[in-house]
Amino acid sequence: MHQLIDKKNKVIIYLLLFFILSTINGKFVESQNNNTHAINQIKIEGLSNENNSKIYRELNSLLNKNILLISKEEFQSVMSKYNIIEEYNIKKIYPSTININIKPTKFVARLSNNNLLIGSNGKLIEDEEYKEILPYVFGEFNSKNFLSFKKDVTQSKFIFSKFRMLYFFPSNRWDILTNNGTLIKLPHDNISKSLNLAYKIINSNDFKNKNHIDLRVDNHLVVK
């Protein structure tokens, strides 16, 4: 009887030991896997050294996190703070490296009342060192207004470098002063079509010495 009890006790003890050792081993393996995939390097390129360093410091909290569990949102919350960014690409290099390649936006215009530049992404960027000549923009507009206008210009024969000044009106309409001094008054709609007509008029021998093109009214052209 005592031998039977001893055998049962031994079996129970062996089972407990097996369970404890399995648990410890499982935790050890899990710990090893976490360490293996822990981020230990974040590489950023595409912007100035100063901006690359700023972004790196903000992403520094991701170091030692599991690369498999990092979400896009954790990067988005930082990258969205920088208006200079046009787009970016994030690549996970397993087991422990993050590569971020950034494409900066191109400056296409300046605000008339301060040193802010307007990027091709429609956002405002402060850069006092940028000295290239850009058209000045007058009026109160938002990013959506500007991006819509930029798209129309891109679809026309004009390019931004041919503009000296841009005027945005509360009525949601644009006027353009070209580098050669021609004022183009655009309608609310069909802007790219109107720009192409203005381009044709400017380059036509029939309208030499004309510096005022009014296209605000449909099917009504005023050139003087």
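Structure shown above.
These lines cover the structure that appears in this document, whether it is placed above or below.

Analysis parameters
- Residues numbered from 1 in each chain as written.
- Predicted model: local features only at pLDDT ≥ 70, side-chain atom pairs only at ≥ 80, totals over all residues.
- Heavy atoms only, no water.
- Core = buried A, V, L, I, M, F, W, Y, C linked by side-chain atoms within 4.5 Å.
- Buried < 20%, exposed > 50% of the residue type's maximum accessible area, 1.4 Å probe, protein only.
- Helix = DSSP H or I, 4+ residues; strand = E, 2+ residues; numbered from the N terminus.
- Contact = heavy atoms within 4.5 Å.
- Pairing = 2+ DSSP bridges.
- Axes fitted to C-alpha atoms, helices over the stretch in contact; angles between N-to-C directions.
- Phe/Tyr/Trp six-rings, centres within 6.5 Å; stacked < 30°, edge-to-face > 60°.

Remarks on the nonpolar core
Argument step 1. Counting residues in hydrophobic clusters, the biggest one holds 23 residues, and the most contacted among them are F149, F160, L166, W174, I176 and L186.
Argument step 2. Mapped onto this core, the elements with two or more residues apiece are strand 4 (107–111), helix 4 (143–154), strand 8 (163–169), strand 9 (173–178), helix 5 (191–202) and strand 11 (212–217).
Argument step 3. Tallying contributions element by element places helix 5 first for this core, with 4 residues.
Argument step 4. Setting aside chain neighbours within four positions, we find F160 in contact with V108, P135, F146, F149, K150, V153 and L166.

Quick word on the pairing of strand 3 (residues 97–104)
Argument step 1. Here strand 1 (residues 41–45) runs beside strand 3; their pairing, made up of 5 bridges, is parallel. Residue I42 lies in a different strand from strand 3, and its bridge partner there is I98.
Argument step 2. Bridge analysis of strand 2 (residues 85–93) against strand 3 gives 8 bridges, and the strand direction is antiparallel. Paired with K92 across the two strands is I98, which belongs to strand 3.
Argument step 3. The turn linking strand 2 back onto strand 3 is made up of 3 residues.

Regarding the sheet that holds strand 10 (residues 183–185)
Argument step 1. Taken in spatial order, the 9 strands of this open sheet run 6-5-4-7-8-9-10-11-12, and their pairing is mixed. Of all the strands in the sheet, the pair left with one neighbour each is strand 6 (124–126) and strand 12 (220–223). Looking at each pair of strands side by side, their axes are set apart by 25° on average, direction ignored.
Argument step 2. As defined by bridge partners, strand 4 adjoins strand 7 (residues 136–138) across 2 bridges and the pair is classed as parallel.

Side note on the packing of aromatic side chains
Argument step 1. The full count for this structure, using the stated rule, is 12 aromatic pairs.
Argument step 2. Each ring, one from F138 and one from Y167, has its centre 5.3 Å from the other, and the planes form 15°; the classification is stacked. With F138 in strand 7 and Y167 in strand 8, this pair connects stretches of sequence that are 29 residues apart.
Argument step 3. Of the residues examined, Y167 reaches a relative accessible area of 24% and is grouped as partly exposed.
Argument step 4. Considering the side-chain rings of F160 and F163, the 5.8 Å spacing of their centres and the 65° angle between planes classify their relative orientation as edge-to-face.
Argument step 5. Accessibility expressed as a relative area gives 11% for F160, which makes it buried.
Argument step 6. Judged by relative accessible area, F163 falls into the buried class, the value being 2%.
Argument step 7. In textbook terms, an aromatic cluster arises when at least three aromatic residues are bridged by ring pairs, as seen for F141, F146, F149, F158, F160, F163, F168, W174 and Y199.

Quick notes on unusual backbone geometry
Argument step 1. For the peptide bond that leads from Y94 to P95, omega is 15°, which places it in the cis range.
Argument step 2. Residue placement: P95 occurs in the loop between strand 2 and strand 3.
Argument step 3. We note that N172 has phi near 70°; this positive angle belongs to a residue other than glycine.
Argument step 4. Here N172 shows up in the loop between strand 8 and strand 9.
Argument step 5. Here N209, not a glycine, exhibits a phi torsion of approximately 65°, which is positive.
Argument step 6. Looking at the secondary structure, you find N209 in the loop between helix 5 and strand 11.

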